[in-house]
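# Structural overview
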Amino acid sequence: MSDTAEARMTELADTQPTLPIGVAFVDESGRPGWIGSNPTLKIHAPSIRGCWPTVH
């Protein structure tokens, strides 16, 4: 299972190198999905309660 996931992530990174790292991809309802299977998903940047996390 992990070999399949790694292969899919590697293929996506090789074919779409400009995709950002560390974000989620969500549909119009906010449900996450795999951008490789659904190119209509939108980028959702990580946040905590709508605020960018900070380290103090």
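For the structure itself, consult the block above.
The notes below deal with the structure included here. (Residues numbered from 1 in each chain as written. Predicted model: local features only at pLDDT ≥ 70, side-chain atom pairs only at ≥ 80, totals over all residues. Heavy atoms only, no water.)

### Topic: the overall build of the protein chain
Each helix and strand counted, the protein chain has one helix and two strands in total. Counting from the amino terminus, helix and strand elements in the protein chain follow one another as α-β-β. Within the protein chain, buried positions represent 11% of all 56 residues. Considering only contacts within the protein chain whose residues lie at least 6 apart along the sequence, 14% involve residues at least 24 apart. Summed over all atoms, the accessible surface of the protein chain reaches about 4900 Å², with 59% contributed by carbon and sulfur. (Helix = DSSP H or I, 4+ residues; strand = E, 2+ residues; numbered from the N terminus. Buried < 20%, exposed > 50% of the residue type's maximum accessible area, 1.4 Å probe, protein only. Contact = heavy atoms within 4.5 Å. Areas by Shrake-Rupley, 256 points an atom, 1.4 Å probe, with all protein chains shown as cover.)

### Points about the pattern of salt bridges
What the rule picks out here adds up to one salt bridge. Where Arg 31 meets Asp 27, a salt bridge forms, and the shortest distance between an N and an O atom there is 3.2 Å. With a relative accessible area of 16%, Asp 27 lands in the buried category. (Salt bridge = Lys/Arg side-chain N within 4 Å of Asp/Glu carboxyl O.)

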